[in-house]
Amino acid sequence: MLQVGLGPSGSPRGAAEDFLLDQLGKRSRSYLALVSSGGGDMEATQGPADSPQVPVLIISEAETWDIDASSCVGCGEFVDWDKMPELDQQPRAHSQSLTQTSKELKKLAREGHWATNHVLRARAYQQIIQHIPCRLVTPDALVYRDVTSRLFGKQSVSSHPLPEFLGGCRMPTYCLTMEGVTAVKKILICLGNLFPDITYSPILPAVVALLLHYSEDEAQCFGNVSRLLACNDSHTSYIDQSFLAHQASCMTFGDLANKHCPAAHRLIASTSENVFEVYSEWLEWIFGDLPFDYAIRILDVYLLEGQKVLYRIALALLRQHRLSVTSGELEVTNVKGDLKAFVQNIREHMTADKLLERAFGIRLFSRKEIWLLQMANRKALAEKGITVVQRRQLFHLAVDMLNFSSAIVTAQEMRIVWSWIPERFSLFPPVLLFSTSENGYSLQRFYSCCEGYEPTVLLIKTMQGEVCGAFLSSDWNERKKSGGRSSFFGTGECFVFSVRPEMERYEWVFIKKPELTKAVPRSPCQRLPSPASPVLSTPPPDGHLASSNHLTVPVLQRAKGRLSPYLAIRHFLLPSKTASMFMSGTREGIVIGGGGGQALYIDADLYYGRTEHCETFDNPPLCQENFQVQLLEVWGFQNA
């Protein structure tokens, strides 16, 4: 709906508002009325401030979608009903109108409450979208009619080029007729005309096509899509509108896959030349490869919960694909093509209900944390100069298989380690900062070579030929901030790993077990502390960093100007003071991980080491518990 007036706090309209007003002309607007029929009247009640009420229509089972004489006039005119899958016949509808809270409404959508009735879904979509917060001036159905009259007149749509922001993107048609496909193109052309800031949006055609199935006409579909594009809810987005935003979303999915689907990620990293290229198609799996009845069920929830739903679905698909490989159903030769074929044949593996169930069984970070991760990935891409569509992707898992050389790991092993690190760093190739074979066994030389680099990867080869290491998120120079005291620093992006004899990664315990943060009760008004760096209040007499009896937990001091996404900003109420002991360095040695033991300890001569289970990473010993160092290397990130 187009609303005309001043902006927030009485500020005048901006250029976008003036542009739309010029298209519209000076005339009043009224809300488009939903078409009502025997399903009952719509209600909207005001709920408590902390439980906003969102209206939804529930209609009787007896009211069905009549193709020839539909009770929802106009809906379905673009649908090829021979292609439409049969409705789920489970009795989920009720015979009255209800007003649900946002939480209850999400539950209904996840359970497929309106998957049994086309009319119900059409009305639900209209109501849900009208409650999406969006910009003050957003083009609506009446604007669409004005613009189409001006743009097309009596010309056919074929004479108008599609917007440049589609850039060769796929255009799924699902169950639309030829007239419906034409309507999709008209809507996209108008969106390009009225949203000049959109430069790249590969999922927009699919969203338009799906919504058109349940719209009265083109104009209503256009108005609804406009609200998704103009959403201004905090930390919420529906449709990426630039190449930079799209690529940052792909990188974010890679980060989430890395953390939540480690087995699938390892398979991709070990069989694919370009890990990012595989993950860059994650949205196409959902809006393109999935059948219509799966995609529309996802849209049910996506309209209520935003892009986070899409991450969940793609992660569930990735997990199920890995299970299929393990069970012998698939033999991976081309992981990118195999994933696409798997999604296209999803009916052979799971129902839509099961897909949603598994997707919402994944414990993702909060919406805000995912948003922060997307911002960090955007920043990394922008710094590398990747802001517009590239003919050839200039970024991928940046380990040169031909020229990489390490005395500890092979290029293939380093590729897998590099695939574990956050995507915004893996854009950059590894550069050797320190090596005992070249720089000698000196801790002070270790510090001088590594200071100024953030993050770094530590690799250790023992005299027994075992290989382990750690990804360290912070500059070793931070050890000096404690004034000579033994202190821990770093963020929850740190992790430890083993390479030989077994390749495995161990992340911060709260990534895999976020429920542990609930172990300590708090009062309702108690403010949660920021993640902390435990600090030894006084140096232990023997110089070792093992005792937790001296620990205090100050507020984490983040580096100036540095955006450290989820984990560094997560507001945990930690049940143990040893739960965030990431990295520490003194003149006596370095420690990685703490609490009940140390994941890695290396002495001042870089010769003797120890590895134990620790609370920070919940890891087993990474190699033989007491070992001698044969070789040690530290790798940084070129231009990072």
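In this text, all values refer to a predicted model and were calculated from it rather than measured experimentally.

Visitor: Explain the overall build of the protein to me, please; I cannot follow it from the model alone.
Guide: Scanning the protein from N- to C-terminus turns up 21 helices and 14 strands. Long-range pairs, those at least 24 residues apart, make up 75% of the contacts in the protein between residues at least 6 apart in sequence. In the form shown here, the protein has an accessible surface area of approximately 27200 Å², with 49% of it arising from carbon and sulfur atoms.

Visitor: Would you mind going over the pattern of salt bridges with me for this structure?
Guide: The final tally for this structure, using the stated rule, is 22 salt bridges. One salt bridge connects lysine 107 with glutamate 111, and the closest N-O pair in it is separated by 2.6 Å. By relative accessible area, glutamate 111 is classed as partly exposed at 39%. For lysine 340, the salt bridge is made with glutamate 284, and the minimal N-O distance between the two is 3.7 Å. Taken together, the positions of lysine 340 in helix α14 (residues 335–344) and glutamate 284 in helix α11 (residues 282–289) put the pair 56 residues apart, joining distant regions of the chain. Accessibility expressed as a relative area gives 23% for lysine 340, which makes it partly exposed. Judged by its relative accessible area of 29%, glutamate 284 is partly exposed. Salt bridges sharing common partners tie together Arg170, Glu284, Asp289 and Lys340.

Visitor: Just checking my understanding: could you explain the packing of helix α8 (residues 243–260) against helix α13 (residues 308–326) for this structure?
Guide: A packed helix pair is summarised by two numbers, namely the angle formed by the two axes and the spacing between the axes. Between α8 and α13, the least distance of the axes is 10 Å, while the angle of their chain directions is 50°. As far as their axial angle goes, α13 and α8 are oblique. α13 is crossed by α8, and the crossing has right-handed handedness. Contacts between α8 and α13 involve Ser249, Thr252, Phe253, Leu256, Ala257 and His260 from the former and Tyr311, Ala314, Leu315, Leu318 and Arg319 from the latter. Tallied by class, the residues present in the contact of α8 with α13 amount to seven nonpolar, three polar and one charged.

Visitor: Looking at this structure, how should I read helix α16 (residues 367–383)?
Guide: Note that an α-helix has 3.6 residues per turn; residues three or four places apart therefore point the same way. Here α16 is 17 residues long and its end C-alpha atoms lie 24 Å apart, about the 24 Å a rise of 1.5 Å per residue gives. Taken as a whole, α16 has its buried residues at Glu369, Ile370, Leu372, Leu373, Gln374, Ala376, Asn377, Ala380 and Leu381. Those residues of α16 hidden inside the fold are in contact with α8, α13 and α18 (423–426). Following α16 by one or two positions, glycine 385 has its phi on the positive side, about 85°.

Visitor: Any chance you could explain the side chain of glutamine 307 here in plain terms?
Guide: Mapped onto the secondary structure, glutamine 307 falls in the loop between α12 (292–305) and α13. A relative accessible area of 5% means that glutamine 307 is categorised as buried. Contacts of glutamine 307, omitting those with residues within four sequence positions, involve Ser237, Asp240, Ser249, Tyr302 and Gln374.

Visitor: Sorry, what's going on with the environment of lysine 461 here?
Guide: Turning to its location among the elements, lysine 461 is positioned in strand β4 (residues 456–462). What makes lysine 461 buried here is its relative accessible area of 18%. As for lysine 461 and alanine 407, which are separated by 54 residues in sequence, their C-alpha atoms are 8.9 Å apart. Filtering out sequence-adjacent residues up to four positions away, lysine 461 remains in contact with Ala407, Ile408, Glu466, Val467, Arg500, Gln628, Val629, Gln630 and Leu631.

Visitor: I would appreciate a short explanation of the packing of aromatic side chains in the present structure.
Guide: Where two aromatic rings form a pair, the distance of their centres and the angle of their planes describe that pair. As enumerated under the stated definition, the model contains 27 aromatic pairs in all. Judged by centre distance (5.0 Å) and plane angle (35°), the ring pair of tyrosine 144 and phenylalanine 222 falls under tilted. Of the two residues, tyrosine 144 sits in helix α4 (residues 141–151) while phenylalanine 222 sits in helix α7 (residues 218–229), which places them 78 residues apart along the sequence. In terms of burial, tyrosine 144 and phenylalanine 222 fall into one category: buried. An aromatic cluster is present here, built from Trp418, Trp420, Phe425, Phe471, Phe495, Phe497 and Phe637 joined pairwise through their rings. Arginine 479 extends its terminal NZ or CZ atom over the ring of tyrosine 447, reaching a point 3.6 Å from the ring centre. Over the aromatic face of phenylalanine 495 sits the side chain of arginine 505, whose NZ or CZ is 5.8 Å from the ring centroid.

Visitor: I'm lost on the confidence of the model for the protein in this one. Help?
Guide: Any region with low pLDDT has predicted coordinates that should not be read closely. Confidence along the protein averages 75 in pLDDT terms, with 70% of residues attaining 70 or more. With pLDDT under 50 throughout, residues 391–397 is counted as low confidence; its partners more than four residues away or in other chains account for 22 contacts. When the criterion is pLDDT under 50, residues 519–572 qualifies, and its contacts beyond four places in sequence or with other chains add up to 110 contacts.

Visitor: Sorry if this is basic, but what is going on with the pairing of strand β14 (residues 626–637) here?
Guide: Two faces, one strand: in a regular strand the side chains alternate between the faces of the sheet. Of all the twelve residues making up β14, nine are buried; the element is thus mostly covered by neighbouring parts of the structure. Summarising the sheet, strand β3 (residues 430–435) and β14 pair through five bridges and their orientation is antiparallel. Looking at the pairing, phenylalanine 434 lines up with valine 634 of β14. Pairing geometry for β4 and β14, over six bridges, is antiparallel. Bridge pairing in β14 links lysine 461 to leucine 631.

Visitor: Help me understand unusual backbone geometry, please; the structure alone is not making it clear to me.
Guide: A negative phi angle is the norm for most residues apart from glycine, just as the trans form is the norm for most peptide bonds. Residues glutamate 454 and proline 455 are joined by a peptide bond in cis, for which omega reads 0°. Turning to its location among the elements, proline 455 is positioned in the loop between α20 (443–450) and β4. Backbone torsion omega between arginine 500 and proline 501 reads 10°, so that peptide bond is classified as cis. Position of proline 501 among the secondary structure elements: in the loop between β6 (495–500) and β7 (504–507). Although it is not a glycine, leucine 606 sits at a positive phi angle of roughly 50°. Tracing the backbone through its elements, the reader meets leucine 606 in the loop between β12 (600–603) and β13 (608–610). Residue class for leucine 606 comes out buried when judged on its relative accessible area of 0%.

Visitor: Quick question: what am I supposed to make of the environment of glutamate 273 here?
Guide: The topology assignment puts glutamate 273 in the loop between α9 (262–271) and α10 (275–279). On a C-alpha basis, the gap between glutamate 273 and arginine 415 in space is 9.5 Å, while along the polypeptide they are 142 residues apart.

Visitor: So what exactly am I meant to see when it comes to the side chain of arginine 424 here?
Guide: In this structure, arginine 424 sits in helix α18. Residue arginine 424 is classed as buried on the basis of its relative accessible area of 6%.

Visitor: Quick question: what am I supposed to make of the nonpolar core here?
Guide: Soluble globular proteins tend to pack their nonpolar side chains together in the buried interior. Counting residues in each nonpolar core, the largest one holds 136 residues, and the members touching the most others are Trp114, Leu191, Leu211, Phe253, Trp282 and Leu318. Of the residues forming this core, the biggest block, ten residues, is contributed by α12. Sequence-distant contacts of phenylalanine 253, that is, excluding residues within four places in its chain, are made with Tyr279, Trp282, Trp285, Tyr311, Ala314, Leu315 and Leu318. One finds Ile511, Cys623, Val629 and Leu632 within the second-largest nonpolar core, a separate group that totals 37 residues.

Quick notes on the rules
- Residues numbered from 1 in each chain as written.
- Predicted model: local features only at pLDDT ≥ 70, side-chain atom pairs only at ≥ 80, totals over all residues.
- Heavy atoms only, no water.
- Helix = DSSP H or I, 4+ residues; strand = E, 2+ residues; numbered from the N terminus.
- Contact = heavy atoms within 4.5 Å.
- Areas by Shrake-Rupley, 256 points an atom, 1.4 Å probe, with all protein chains shown as cover.
- Salt bridge = Lys/Arg side-chain N within 4 Å of Asp/Glu carboxyl O.
- Buried < 20%, exposed > 50% of the residue type's maximum accessible area, 1.4 Å probe, protein only.
- Axes fitted to C-alpha atoms, helices over the stretch in contact; angles between N-to-C directions.
- Parallel < 35°, antiparallel > 145°, perpendicular 65-115°, else oblique.
- Left-handed = near helix turned anticlockwise from the far one by under 90°.
- Nonpolar A, V, L, I, M, F, W, Y, C, P; charged D, E, K, R; others polar.
- Expected span 1.5 Å × (residues − 1).
- Phe/Tyr/Trp six-rings, centres within 6.5 Å; stacked < 30°, edge-to-face > 60°.
- Lys NZ or Arg CZ within 6 Å of the ring centre and 35° of its normal.
- pLDDT = per-residue confidence, 0-100.
- Pairing = 2+ DSSP bridges.
- Core = buried A, V, L, I, M, F, W, Y, C linked by side-chain atoms within 4.5 Å.

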